[in-house]
Structures are given as C-alpha cells and as structure tokens.
Amino acid sequence: MSAKKQRQSLLDWVDERANIKPFMNEMLYHRVPKIVNPLDFLGLATLFVFINQMVTGMFLAMFYQASSQTAYQSIQYIMEKVPLGWVIRDLHYWGANAMVVLVAAHMLRGFYVGAYKKPREITWITGVVLLFIVILFAFTGYLLPWDQQSYWATMVGTWMPFYAPFVGIYIAYLARGGAYISGLTLTRFYSIHMLVLPALLLVFFGIHFAMVLKNQMLVVEEAERKPKGTKGLVTFYPYTVFQMTMLIVVVAMVLLILALSQHAPLLAPADPLNKAHYNPVPLWFFFSIYQLLKYIPSALDPLGIIGLPTIAVIALVALPFFDKNPRREPRHRPWAMSISGVTVAAVLLLTYLGAANQGISPSGPGPVAVVAKPSFTRDIEPIFQAHCAVCHSGSNAQMGLDLTSYASIQKLAITKGSTYEQTILWQKLTGKLQPQMPLGGPYLSKDTIQTIANWIAEGAPNN
Ligand code: HEC
C-alpha cells in the first residue's frame, strides 16, 4: 500500500468512529476573507510564544530545584552541563520578554481597530486579565535563578504594595513570606509560576479564544460586510494555514536568534547581606513607574506606585463600557486616539529614560511634613522602629547593628566633620553610601530624611 493510501485508510478508520470528516471539511475548506495585515496575527504570535514557554518550562522544571540553597546551582547546571540546557533557558527567557511585548502590542492593535467594542467586550476584558497574568508570570519567573538581579528586583517589586493604604504591608509580607526575600519567597513564587498562573491562564485564554471564535475576528467581519466580489475570499486551507505557518516560522526564528546571540543573565548568587553592594534594579516593565517617581514629590509616591496602575487597570477594564462611540475607524475617534496616543508615548519615553538611568530613587511612606526640631522619642525612634528594626534588632541584627536603642542610633548620627551630610546615617539613608537603607526599600521619604537630618544638626539629642 502506498503511503498516501495508508493515510487515507487511517483517516477513514478514525472517521468511521469519530465522524470527523464533515468537521474537517468545514474547518479547512470554509472560505474566509484574506488577512493581509501582519498585525492581525499578533494574537497567534503570542499564543505560539506561550506554547514555547510551556515546552521549555517543562524541560527546565526537570532540572531546576527551587530552594535558596540549590536554585542558583541548578540554573548553572542547566547552562553548563545539561545538553542544550542553555538554549532551553535562553528560549524561555526571551520568550518571557516577548510575551510581555506581544501581549501589549496585540492589545494596542485591538484598541486601534476598535476591537473592544460590542460584541467583543468579553474578549477585551479577558485580554486585560491575560496581560496581568503574563506580567505576573514574568515577575515570579524573574526570582527563580536566585542571583543578585532576581533577588533585588524582587525586593524592589514586592515593596510596591507597601504604598497601598491599610492592607499594603500585609500584601507585601504575604508576597515575600516575611519581612524580606527568603527561601519562602522562592517556593511560593515557584508554585505560583508553575501551578497557579498556568491554571488561570488556561481558564482566561479559553474564554478569550472561545469569544474570538464566536464573534469572528474583526477584520474578517469587516471584510464580510463588503459587497460581493471585493471581499478577496480564500479557503482557510491552504491559504490562511500557510500564512499562520509562515508567521510561526518567523517568530520561532526571531526567538532562536535572540537565544543564540544573547544569554539570559546569571549574575553572582543572591546575597541578602549584599556584601558586594549590588545596586537594585527593577524589572524593565516597571522602569516607567520608577522613572516617573523621580519627577514627582515623594508625598505623591503612593499615587505613582498604586494610584496610576490602579487607574490604568480600571480604565482598561471599563473601556468598552464608557466608550460608547460605535465608530471603529480611528479618524472618527479623536478622543480615544489622542488620549491613548499620549499615554503610550509617555510610557515609552519613561521606559526609555528609566532604562538609560536604572537607579531607583522612590522613597517610602513616612511623615509628610518636615519636623524642624524633632524629639528623639516622639519623632525619630518610631522611624527606626518602623523601617530598620526588622533587620537591625536582637538576634536579627545585620552587621551587628541593633538600631532599637538611642546609643546605637546616636553612634551613626555623630557628625565627624561639621554637617549632617557626613554622617553614616544620612549617607546610608540617601544612598550616598551604597547600599541604600532600608535595604531593598521602601526608602524613607525626603521629608523623613530631612527630619532625621534636623535632629542630627541639633546634635542628636536624647529628648
Ligand atoms: C531588609 C533588611 C534591612 C533593613 C530594613 C535595614 N537594613 Fe541596614 N543593613 C542591612 C544589611 C543586610 C546590611 C549590610 C549590607 C551591606 O552593607 O552591604 C545593612 C547595613 C547597614 C548599615 C551599615 C553598617 C556597616 O557597618 O557598614 C547601616 C548604617 C544601616 N544598615 C542602617 C540602616 C537603617 C538606618 C535602616 C532603617 C532606616 C536600615 N539599615 C534598615 C539590612 C537592612
């Protein structure tokens, strides 16, 4: 029997039992309008990269060991000893970055063509949820190599919740599994990365995709509305299937080229004592937020860290409901286009500036007003209790430094020369002496630091 005949009879065998032929014919040979704009394939590109993440992730999980003692060595082992292990890790790393970029681009495209409007609201909202799931994937995955970069980026990222009113500190402690990043953080991030997020993603992607099938893609619907003869119909197979295959080949090539040309970073192992004075850098998609914080007064930091992202989420979810303009053509949506254009340009610019200048300088919560003549017990001691005691007290005294007594705080506040700028305390709080304290943030607000400076200038009295 020839190969073709064999295939035929296998198909017949399955068809006799599963009756797949009508379905296959309908799927493969139905006539669809030509899709000519590559941007309409961004969703498919995202899906393909996600499949790359699943497959490479499964292989990585065979060798990765999620504990603070072994994580770093297991990544080293993958990079150096496992055959092709480095390609798998690099593909996973570049795929993760590509996911964030592709989902954002897919979303912008959907916004531009008005694909969030009725009847596609559910598609849009599940898309917004998927964007956040992808960001959480990247954020939790970043910690797993347990190098300096992972450790300190996670320290920076997990203190963002500190700024949320009332519940902030609980959320931050819940995320960290304690006051700062430890093996507990690693195991919970791994579990979220491997189990929780994939489950959530499958649910929301299932709804997202079902809604796309139900309502058709917008380009397809628009082409169908054109008069007969101008629609440019093709059969799904082979025309569209060929396009999809080409797209997947291109995306796979780009990932492979990135993976082969630039390794995923692996710095020195995470060191909670930061003896080498590594300067924390946030994840790149937080650059815009951190850059913005450099321009606004520290009293407004909570607005930048919690307020704006919250507004952005609400705006994205609510978009289909408050934008009732039925027109989809960009030229008939001047408001939607200008507001989104300015927002996107601002985020891109801030990300660029943030990348060029990666240091973080946001400051933490603290008294809003400067106290001119501070009292130690009323104004100064509480600051140290709130911001330093977790790491500098009792058995947990980092560097043997217990900052719960007047004597030890005063020792740091003694002016060697004549000004408070020369004290170790001021230099550690402002970052003149690295690493800045409180280690990993949230750093003290400028006003809090000024209050401490005033107290030092008064001669650091025990009043
Ligand atoms: C998350 C834990 C943590 C917190 C919170 C923290 N520190 Fe530290 N601190 C450390 C560690 C770890 C070191 C040693 C790291 C290094 O020098 O690289 C250190 C070092 C220091 C040093 C330098 C000591 C020396 O001998 O070099 C000073 C001064 C200091 N901290 C002051 C403070 C002050 C003041 C606060 C509160 C505003 C604070 N720290 C909050 C962990 C912390």
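Conventions adopted
- Once a new chain begins, its residue numbering starts again from 1 and follows that chain's sequence as written.
- Only residues with pLDDT of 70 or above have their local features reported here, since the model is predicted, and side-chain atom pairs are shown and tallied only from 80 upward, although totals for entire chains, interfaces and linings are computed over all residues.
- Put plainly, near means the residue's C-beta atom, positioned from the backbone, lies within 6 Å of the molecule or strand in question.
- Numbering of helices and strands runs from the N terminus; a helix is a DSSP stretch of H or I covering at least four residues, while a strand is a stretch of E covering at least two.
- Polar here means any residue outside two lists: the nonpolar Ala, Val, Leu, Ile, Met, Phe, Trp, Tyr, Cys and Pro, and the charged Asp, Glu, Lys and Arg; Gly therefore counts as polar.
- Bend is computed residue by residue as the angle between axes fitted to the seven residues ending at the residue and the seven residues starting at it.
- Three classes are used. A residue is buried when 20 or more other C-beta atoms lie within 10 Å of its own, exposed when 12 or fewer do, and partly exposed in between, with C-beta atoms placed from the backbone.
- For the domain bounds, the source is a domain assignment made automatically or taken from a database.
- A residue pair is marked as a contact if its C-beta atoms, positioned from the backbone, fall within 7 Å.

Some remarks on the site of the ligand
Inference 1: As a matter of local geometry, the ligand sits amid 23 residues, with Cys388, Cys391, Met437, Pro438 and Leu439 nearest to it.
Inference 2: Here the element with the most residues in the shell around the ligand is helix H17 (residues 424–430); it accounts for three residues.
Inference 3: Class assignment of the residues belonging to the shell around the ligand gives a composition of 15 nonpolar, six polar and two charged.

Let's talk about helix H13 (residues 301–322)
Inference 1: Within H13, the axis deviates most sharply at Leu316, by approximately 40°, and proline Pro320 lies no more than four positions further along.
Inference 2: Along H13, the positions that sit buried rather than exposed are Asp301, Gly304, Ile305 and Pro320.

Concerning the domain arrangement of the chain
Inference 1: When its domains are assigned, the chain resolves into domain 1 (28–271) and domain 2 (376–457).
Inference 2: Relative to domain 2, the C-alpha centre of domain 1 lies at a distance of 41 Å.
Inference 3: Taken residue by residue, the interface counts seven residues in domain 1 and four residues in domain 2.
Inference 4: Residues that form the side of domain 1 that touches domain 2 fall into these classes: seven nonpolar, no polar and no charged.

Some words on unusual backbone geometry
Inference 1: For the peptide bond that leads from Lys118 to Pro119, omega is 5°, which places it in the cis range.
Inference 2: Secondary-structure assignment places Pro119 in the loop between helix H5 (85–112) and helix H6 (121–143).
Inference 3: The linkage connecting Met437 with the following residue, Pro438, adopts the cis geometry, with an omega of -5°.
Inference 4: Relative to the helices and strands, Pro438 resides in the loop between H17 and helix H18 (446–457).
Inference 5: A positive phi is found at Leu84, a non-glycine position, where the angle reads about 60°.
Inference 6: In this structure, Leu84 sits in the loop between helix H4 (71–80) and H5.
Inference 7: Of the residues examined, Leu84 has 10 C-beta atoms within 10 Å and is grouped as exposed.
Inference 8: With phi around 65°, Phe166 is a residue other than glycine that occupies positive phi space.
Inference 9: Locating Phe166 in the fold gives a position in the loop between helix H7 (148–158) and helix H8 (168–176).

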